[in-house]
Each structure stands twice: as structure tokens, then as C-alpha cells.
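For reference, the chains in residue letters:
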Amino acid sequence: MRRTIIAVMLVLAALGTAPAHAGLGIAVRGGYANIAYGDFNDYVEAANVSLAGIAELEKISWVPEASIEFTFPIVPAFSGGVGIGYLKGTSEFGFSIGSDALSYEHSVRAVPITATAYWEPPLVSMQPYLFAGAGMYHTKILFAQSLASGGETASYEADLSTWGFGIHGGAGLRFEIVPSVGFDVGVAGRWASISGFEGTATNQDGESYDAYLVRDTVEDPVSGEVDYYGPWPVDEDYEEGTVDLTGFKIFIGVTVGF
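Residues numbered from 1 in each chain as written. Predicted model: local features only at pLDDT ≥ 70, side-chain atom pairs only at ≥ 80, totals over all residues. Heavy atoms only, no water.

**Q** Can you help me understand the overall build of the chain in this one?
**A** Across its full length, the chain carries two helices and 13 strands. Here the chain, with 258 residues, has 35% of them falling under the buried criterion. In the chain, once contacts between residues fewer than 6 apart in sequence are set aside, the share between residues at least 24 apart is 67%. Of the accessible surface of the chain, which amounts to about 13,600 Å², a share of 62% is contributed by carbon and sulfur atoms. (Helix = DSSP H or I, 4+ residues; strand = E, 2+ residues; numbered from the N terminus. Buried < 20%, exposed > 50% of the residue type's maximum accessible area, 1.4 Å probe, protein only. Contact = heavy atoms within 4.5 Å. Areas by Shrake-Rupley, 256 points an atom, 1.4 Å probe, with all protein chains shown as cover.)

**Q** Please explain the packing of aromatic side chains as it appears in this structure.
**A** For any pair of aromatic rings, the description rests on two quantities: the centre-to-centre distance and the angle between the ring planes. On inspection of all chains with the given rule, the structure shows 15 aromatic pairs. Measuring from centroid to centroid gives 6.3 Å for Phe 40 and Tyr 43, while their planes differ by 45 degrees, and the two rings are tilted. Of this pair, Phe 40 and Tyr 43 both sit in helix H2 (residues 38-51), separated by three residues, roughly a single helical turn. This pair shows no difference in class: Phe 40 is buried, exactly as Tyr 43 is. Ring centres of Tyr 118 and Phe 131 lie 5.7 Å apart, and the angle between their planes is 40 degrees; this geometry places the pair in the tilted category. Of this pair, Tyr 118 sits in strand S4 (residues 100-119) while Phe 131 sits in strand S5 (residues 126-149), and the two are 13 residues apart along the sequence. Phe 131 carries the same exposure label as Tyr 118, and that label is buried. Among the aromatic residues, ring-to-ring pairing joins Tyr 37, Phe 40, Tyr 43, Phe 143 and Tyr 229 into one connected group. (Phe/Tyr/Trp six-rings, centres within 6.5 Å; stacked < 30°, edge-to-face > 60°.)

**Q** Teacher, can you tell me more about H2 here?
**A** An α-helical segment advances 3.6 residues per turn. Residues three or four places apart therefore align on the same side. In a regular helix each residue adds 1.5 Å, so 14 residues correspond to 20 Å; H2 covers 20 Å between its end C-alpha atoms and thus fits that length. Turning to H2, its buried residues number three or more, namely Asp 39, Phe 40, Asn 41, Tyr 43, Val 44, Ala 47, Asn 48 and Leu 51. In this structure, the buried residues of H2 make contact with strand S3 (78-97), S4, strand S10 (208-220) and strand S11 (224-233). (Expected span 1.5 Å × (residues − 1).)

**Q** I'm lost on the pattern of salt bridges in this one. Help?
**A** Pairing between side chains of opposite charge can happen when the charged atoms of each approach one another. This structure, assessed with the given rule, holds nine salt bridges. The salt bridge involving Glu 120 is made with Arg 174; its shortest N-O contact spans 3.1 Å. In this pair, Glu 120 sits in the loop between S4 and S5 while Arg 174 sits in strand S6 (residues 152-178), placing the two residues 54 residues apart along the sequence. Residues Lys 140 and Asp 159 are paired through a salt bridge, measuring 3.8 Å at the closest nitrogen-oxygen approach. (Salt bridge = Lys/Arg side-chain N within 4 Å of Asp/Glu carboxyl O.)

**Q** I'm lost on empty space enclosed by the protein in this one. Help?
**A** A water-sized probe, rolled over the atoms, reveals where empty space remains. This structure, assessed with the given rule, holds one cavity of 30 Å³ or more. Along the wall of the largest cavity there are 25 residues; nearest its centre are Glu 65, Ser 67, Thr 114, His 168 and Lys 249. For the lining of the largest cavity, the secondary-structure elements that each account for two or more residues are strand S1 (25-35), strand S2 (62-75), S3, S4, S5, strand S7 (181-191) and strand S13 (247-257). Broken down by element, the residue count for the lining of the largest cavity peaks at five residues, all from S2. Here the residues of the lining of the largest cavity sort into ten nonpolar, ten polar and five charged. (1 Å grid on protein atoms, 1.4 Å probe; cavity = no way out; pocket = protein on both sides within 12 Å on 5 of 7 lines; lining within 4 Å. Points joined across faces, edges and corners; volume = space filled by probe spheres on them. Nonpolar A, V, L, I, M, F, W, Y, C, P; charged D, E, K, R; others polar.)

**Q** What am I meant to see in unusual backbone geometry here?
**A** The phi angle of most residues is negative, glycine excepted, and most peptide bonds adopt the trans form. Backbone geometry places Tyr 37, a non-glycine residue, at a positive phi of 45 degrees. Relative to the helices and strands, Tyr 37 is located in the loop between S1 and H2. By relative accessible area, which is 0% here, Tyr 37 ends up buried.

**Q** I'm lost on a negative patch on the surface in this one. Help?
**A** On the surface, Glu 56, Glu 58, Glu 92 and Glu 105 cluster together into a negatively charged patch. Its location among the elements puts Glu 58 in the loop between H2 and S2. Owing to a relative accessible area of 53%, Glu 58 belongs among the exposed residues under this scheme. (Patch = residues over 30% accessible without salt bridge, like charges linked within 9 Å, V, L, I, M, F, W, Y side chains within 5 Å. Lys, Arg positive; Asp, Glu negative; His and termini not counted. Charge placed at Lys NZ, Arg CZ, Asp CG, Glu CD.)

**Q** Teacher, can you tell me more about the environment of Glu 225 here?
**A** On the secondary structure map, Glu 225 appears in strand S11. Relative accessible area serves as the criterion here: at 62%, Glu 225 is assigned to the exposed category. Sequence-distant contacts of Glu 225, defined by excluding residues within four places in its chain, comprise Thr 217, Val 218 and Glu 219.

Shown next, in the form of C-alpha cells:
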């Protein structure tokens, strides 16, 4: 009986002193996110049909993502975190036939500023945890296209940006490396469909104009009606495009407690 009591006391002591996420700390994480980006990726499929094997534009699906977060205790087994992240995806191609050449590049960058709540039951050797939260995403999209044909060049560059809202949640496991330092692995889901992009576009003559993001069939002065995703003058009314960061990510990281 005495040995049983001692064993129970040792287990309780171990649980009480196990490293907890619900304390002051810094978490640094990195991994890859799979994003929907439906408007752009649907446009890529249509564009590749038109290119007919001459070149191929890649979808933006898997993108690297990193974040740093400050964590703090709320109540036992619960903690909070505020952090900032960064993700970026790029798609580009270029080809030439004789004196004719076409190049295209598009990139999306997002900086989420997040607030997250964690629930972590106390365990000895490893710590599973669940989390959920929300954030504001400052998102910037860049476009650059150049077409050279018959000795003439038509080109544009555009920089559009906006803020958007997103929510996230997931689960992870933390393994203690040394006291107050843990190694994390986990998976997270996210919903963040962002619209309202505006900015400036500049053509080959250096002329700038206010532009917004369009996803529609537009009337191009050179090609006629074309399926389009990109910047367009704000004084022409077309369906607005979105940047859909909805998807999931797989991450690893290190958490250091104070």
C-alpha cells in the first residue's frame, strides 16, 4: 500500500512539473501549406489549353509558410498566443518563337497577424494540443507580363494589395528536448478568402493607372474576349477576383519557455 501511494505521488509530481505550453514562451514554426487559390488556378487551366504545349503555366498550390508567436498563460491547460507569419507562392513561364516572345509572372504574398487559443492536457513524455484562432491577412499580389511581336512590345507590371480576415485551427504534438524547450509537429486548417485588391499598374510606356483584381471574361483590345485573372483599370466594371488561401498546412517548430 505504501509503495502504491508513493508511486501515485511520483506520477502526480511528474504531471505537475511537466513542461506546459500554457506559459510564457516563443514558438517558431515552419512548413508547407496547400492553398485552394481557385480563381488563379482555374485561370491557369484555361491558359494552358490556349498555350497548347508551347509552354505551361504552373498552379500555385503548395507554398512555404513560417511564423513566430509569443505565448502566454490564461488558465491551467489553456494558453494564448499572438503571432505573425509569412507565406509566398509564385508562378511564371516564358518562351520565344523567332522574334516573338512572351513572359508572365505572378506571385502572392501574405502576412497573417494572428491570435490563437491553445488547450493542452498535461502529459509526461509528450504533449498533444488543440488550437483555434483568427487573424488579419495583409496580402499582396504582383503581376508582370511582356509580349514582343513584330518589333513591338506590350507589357505591364502591377502591384495590388488588401487586408482580409481568416480563421484557423488544428492539432499538434510537442516533445521535450531539454527543460523548457520543445519540438513541435502538427497540422492546421485555414479559411481565408480575400477580396478587395486595389493598386497600381504600369504599362510599357511608363503610364500608370489605378487597377483592381479581375476574374472574368474581358474584352482585350488586342485579343478580343479572353478568360482573364489579373489587374484591370478601375473604371471598367468586371467581376472581382479573390485570393483564396483556404486549405491546410503541415508544420514543425521549436517552442522555448521562459
